[in-house]
Amino acid sequence: GDLDYEVLRDIRNRTIRAVCGQRAMPRSVWELPAGQRRTVLRHLLVSDKYRFLYCYVPKVACSNWKRILKVLDGALESVDVKLKMDHKSDLVFLGDMKPDEISYRLKNYYKFIFVRNPMERLLSAYRNKFGEIKEYQQRYGVEIVRRYRKNGGNSAGDDVTFSEFLRYLLDEEVERMNEHWMPIYNLCQPCAVRYDFIGSYERLNADADYVLERVQSPSFIRFPERQSWYKPVTAETLHYYLCNTQRRLIKELLTKYILDFSLFAYPLPNITSEFCRQ
């Protein structure tokens, strides 16, 4: 397993170097258009005490990383404190700093992100936001059903199908997407920001331990256990949703997330008839 992972990490690093080395790709955050720069700087969390930057990606264990940041900063007593995560207070965002302060930290701090299989992340966002959270059902769900379903005007937004969600993503401009389904590439700009470490959701605890050791965090801090209420996306669940969705929809959607698949070395989803019959 460790050897496979070293090979995977090597593939990721080589791919990022090759893609980001192309002339058209940005070399720093200052080369990005204003909107893209604002997005990445809003997602880079700062620890001045431990001199690191963490680009948070929703649906990739970012709530637990935010807990760790709050504990490191002394704003939270323990990572196990049972309270609803406040995603804004007691956190320092790189985007709130002056240009020279931003440049200094980008140059001198340890920088890391955590990534996840793009389709798995989308399914996780879909199940969580439209299956459990009223605010998302009302803000996005009602509009999605009205737009993509015949006579869908009476929906409360809590019955959005996965296909309707994917159709909505196809019609959305990437730069205007909600952060929970915006591609990781656009959230964290791995060409404009040279990350020292790319951890993965599939090896969450081992990679988190590596980062905590690397930034020399206190030994009593460990990555939190998964919350008991959390329903993970299993391989079987993903198989079910992908195989019960129009292939055309998935194929068209892949182009929007292709950099997430290629840069972070995730295989494209298998939606062949043979696979789906299994």
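Residues numbered from 1 in each chain as written. Predicted model: local features only at pLDDT ≥ 70, side-chain atom pairs only at ≥ 80, totals over all residues. Heavy atoms only, no water.

A. Region of interest: a nonpolar patch on the surface. Taken together, the side chains of Leu3, Val7 and Ile11 define a hydrophobic patch exposed on the protein surface, amounting to about 290 Å² of accessible area. Within the secondary structure layout, Leu3 lies in helix H1 (residues 2-20). (Patch = residues over 30% accessible without salt bridge, like charges linked within 9 Å, V, L, I, M, F, W, Y side chains within 5 Å. Areas by Shrake-Rupley, 256 points an atom, 1.4 Å probe, with all protein chains shown as cover. Salt bridge = Lys/Arg side-chain N within 4 Å of Asp/Glu carboxyl O. Helix = DSSP H or I, 4+ residues; strand = E, 2+ residues; numbered from the N terminus.)

B. Region of the structure containing the state of the cysteines. This model, assessed by the stated rule, comprises 3 disulfides. Disulfide partner of Cys55: Cys188, at an S-S distance of 2.0 Å. Because the sign of the S-S torsion sets the handedness, a value of about -90° for the bond joining Cys55 and Cys188 places this disulfide among the left-handed ones. Taken together, the residues Cys55 in strand S2 (residues 52-55) and Cys188 in helix H8 (residues 184-188) connect sequence positions 133 residues apart. With respect to class, Cys55 is no different from Cys188; both count as buried. Counting only the cysteines that take part in disulfides, in the order they occur along the protein chain, gives the pairing 1-4, 2-3, 5-6. Its sulfur unpaired, Cys62 is 10 Å from the next cysteine sulfur, which belongs to Cys55. Residue classification places Cys62 among the buried residues on the basis of a relative accessible area of 7%. (Disulfide = S-S within 2.5 Å. Buried < 20%, exposed > 50% of the residue type's maximum accessible area, 1.4 Å probe, protein only.)

C. Broad picture of the domain arrangement of the protein chain. Taken domain by domain, the protein chain consists of domain 1 (2-117 + 183-215) and domain 2 (119-179 + 234-277). Computed from C-alpha atoms alone, the centre-to-centre distance between domain 1 and domain 2 is 25 Å. Opposite the 27 residues of domain 1 that make contact, domain 2 presents 19 residues. In total, domain 1 and domain 2 occlude about 2200 Å² of area from one another, counting both sides; carbon and sulfur atoms represent 61% of this. Across the contact surface, domain 1 and domain 2 share 1 salt bridge. (Domains from an automatic or database assignment. Contact = heavy atoms within 4.5 Å. Buried area = accessible area lost by both parts, 1.4 Å probe.)

D. Spatial organisation of the environment of Asp159. Here Asp159 is to be found in the loop between helix H6 (134-148) and helix H7 (162-171). On the basis of relative accessibility, which here comes to 34%, the residue Asp159 falls in the partly exposed class. Separated by 19 residues in the primary sequence, Asp159 and Tyr140 have C-alpha atoms spaced 11 Å apart. Setting aside residues up to four positions removed in sequence, Asp159 forms contacts with Val145, Arg149 and Glu164. In this structure the side chain of Asp159 is engaged in a polar contact, spanning 2.6 Å, whose partner is the side chain of Ser155. (Polar contact = N/O pair within 3.5 Å; in protein donor to acceptor, adjacent residues only side chain to side chain.)

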